[in-house]
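A closer look at the structure
The chain contents come next:
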Amino acid sequence: MALEALKEVAKKILGSTSIDKKFVEDMVKDIQRALIKADVNIKQVKEISEAIKKRALSEEVPEYFGAREHVLKIVYEELLKGVGEGIEIPLKKARIMLVGLQGSGKTTTAVKIAKFFKDRGLKSAVIAADTYRPAAFEQLKQLADANNIAFYGYKGISAVEIVERALKSAKEDLIVIDTAGRHALEKELIDEMIEIAKVANPDYKFLVLDAAIGQLASKQARAFHEAIGINGIIITKFDGTAKGGGALSAAREIGIPIAFIGAGEKVEDFEKFDPQSFISRLLGMGDIRSLMEKVERVAKEEEIDAEAFIKGSFTLKDIYKQIEAMNKLGPLRKVLEMIPMLGLKVSDDMAEMTQEKMKRFKVIMDSMTEEELLNPKIIDGSRIRRIAIGSGTSQQEVRELLKYYETIKSVMKKMKKGRLPIKGLKIDL
Ligand SMILES: Nc1nc2c(ncn2[C@@H]2O[C@H](COP(=O)(O)OP(=O)(O)O)[C@@H](O)[C@H]2O)c(=O)[nH]1
Ligand SMILES: [Mg+2]
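Attention in this report is confined to the structure presented alongside it. These numbers were taken from a predicted model, which means no experiment stands behind them. (Residues numbered from 1 in each chain as written. Chains lettered and ligands numbered in written order. Predicted model: local features only at pLDDT ≥ 70, side-chain atom pairs only at ≥ 80, totals over all residues. Heavy atoms only, no water.)

What follows deals with the site of ligand 1. The immediate surroundings of ligand 1 are formed by 18 residues, with Gly103, Lys106, Thr107, Thr108 and Asp239 found nearest. Note that an oxygen atom of ligand 1 is positioned 2.7 Å from one of the backbone N or O atoms of Gly103. Within the side chain of Thr107, one N or O atom sits 2.8 Å away from an oxygen atom of ligand 1. Alone, ligand 1 offers 580 Å² of accessible surface; in the complex the protein occludes 82% of this. At a threshold of 2 Å from the grid points, most atoms of ligand 1 map onto the largest pocket. Residue composition of the shell around ligand 1, by class: two nonpolar, ten polar and six charged. (Near = heavy atom within 4 Å. Polar contact = N/O pair within 3.5 Å; in protein donor to acceptor, adjacent residues only side chain to side chain. Areas by Shrake-Rupley, 256 points an atom, 1.4 Å probe, with all protein chains shown as cover. 1 Å grid on protein atoms, 1.4 Å probe; cavity = no way out; pocket = protein on both sides within 12 Å on 5 of 7 lines; lining within 4 Å. Sits in = over half its atoms within 2 Å of the grid points. Nonpolar A, V, L, I, M, F, W, Y, C, P; charged D, E, K, R; others polar.)

Pasting the structure below:
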């Protein structure tokens, strides 16, 4: 998938040695290439990349971020603007009507939606209102049965009559109406959609769009919207195409939210569209925003002394604070994904550090004297033995902690010349 290239962009940002004009320009070009390849519409590519460039070159880096984090945040925010809103569907009684061209994925999606809400506690059902395709009835019934979803379908009557009859007997909370498509949006199809919508009075009319159509998504969505008025888009087959950006940008362009994304043939390959986590994942990171907020908050709380690093008087006490800060940040893996140096540069050694290990280190440091914490150089063999016994750990573990300290210290030294990645939090953790 072309958008995958954005992960590389994020990696480059976090791994960069300095964020200067040249870096920003190259980065913006990379982003443009990725978006264009993904079929995002050109106007939006321009808007997004210009906004990123402008902000990255002009904005002052906020106190609690380093330049890299700041630029990454800008990229994230501008991409987020580019996809627009999601849609919140409350867990209560609702009727959802699906429309879309033949083969776009309506029938599969009908069951995916029904299952999605069933998994969240609603009773759900599907209605087979496609009388156009001969096997449509069986296809939906089989899928519904396989997933324990109530199925309503009747043979020998019109689609409108099917919906009318089904709705009379269906008592489920969440009802999804699967309709027929055509190869193109023709009058007959439009008339039928309008008639069905009249008798069904759906709370949601969702257009099912095949991601593979790329830039054509915009024209198609517009046409359906004009014909019957849709209030959400479901993008399907996001797994199989490099062109998914086309459908994403179509939704934004027309101003219709994206409700769900289907990324596979299986019923489980389906998720509610959440712009923030979607973009975070495109950039290959956990939930960036919430993590950044946390980092900011913890940085403020801990007030780790930035001066100490600059002067190079980095002691075990800083490691101690670092570990405390880290505990507040939550799952280590997530933090490491986010934080540049540790995650990417210093890398594996530290990445492999488990939370458990951090706890052990803390215990070890609790058995050290103030003098040892402030001046780790004095910790010789006999002190190591004493500390190990006192903390109920092993000498090897104490040595490990000292080695960890040395590693971080040397990274800090190298960094002194550059900037501190996250001011305040310093070691970045
Ligand atoms: N890879 C992939 N295939 C899908 C997805 N959604 C639907 N399909 C496949 O697309 C084809 C057409 O789907 P169908 O639901 O029959 O489309 P309809 O004609 O609009 O009802 C089927 O082979 C589905 O298995 C998806 O998200 N990913
Ligand atoms: Mg179908």
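Once you've had a look at it, read on.
With 13 residues, helix H9 (residues 216–228) extends 19 Å between its outermost C-alpha atoms, agreeing within 8% with the 18 Å of an ideal straight helix rising 1.5 Å per residue. Along H9, the positions that sit buried rather than exposed are Ala217, Ser218, Gln220, Ala221, Phe224 and Ile228. Along the long axis of H9, the arc covered by the buried residues comes to 170°, so they all point the same way. Of the exposed residues in H9, those oriented more than 90 degrees away from the buried face are Lys219 and Glu226. Residues of H9 that are buried in the fold lie against strand E1 (94–99), helix H8 (187–200), strand E5 (204–210), strand E6 (232–236) and helix H10 (244–254). (Helix = DSSP H or I, 4+ residues; strand = E, 2+ residues; numbered from the N terminus. Expected span 1.5 Å × (residues − 1). Buried < 20%, exposed > 50% of the residue type's maximum accessible area, 1.4 Å probe, protein only. Arc of directions from axis to C-beta. Contact = heavy atoms within 4.5 Å.)

Let us now look at the environment of Lys198. Within the fold, Lys198 resides in helix H8. Expressed as a C-alpha distance, the spacing of Lys198 and Glu164, which sit 34 residues apart in the sequence, is 10.0 Å.

The phi angle at Asn148 is positive, at roughly 55°, despite the residue not being glycine. Residue placement: Asn148 occurs in the loop between helix H6 (136–146) and strand E3 (150–152). Positive phi is not limited to glycine here, since Asn201 has a value of about 45°. Summarising the element assignment, Asn201 is placed in the loop between H8 and E5.

The next thing to look at is the packing of aromatic side chains. Ring pairs (aromatic) are described by centroid distance and by the angle formed between their planes. The final tally for this structure, using the stated rule, is eleven aromatic pairs. Their ring planes at 90° and their centres at 6.3 Å tell us that Phe117 and Phe260 sit as a pair that is edge-to-face. With a gap of 143 residues between them, Phe117 in helix H5 (residues 106–119) and Phe260 in strand E7 (residues 258–262) connect regions that are remote in the sequence. For the pair formed by Phe117 and Phe260, the shared burial category is buried. Grouped by ring-pair contacts, the aromatic residues Phe116, Phe117, Tyr204, Phe206, Phe260 and Phe270 constitute a single cluster. Between Arg120 and the ring centre of Phe116, over which it is positioned, the NZ or CZ distance is 3.6 Å. The aromatic ring of Tyr154 is capped on one face by Arg165, whose charged end is 5.0 Å from the ring centroid. (Phe/Tyr/Trp six-rings, centres within 6.5 Å; stacked < 30°, edge-to-face > 60°. Lys NZ or Arg CZ within 6 Å of the ring centre and 35° of its normal.)

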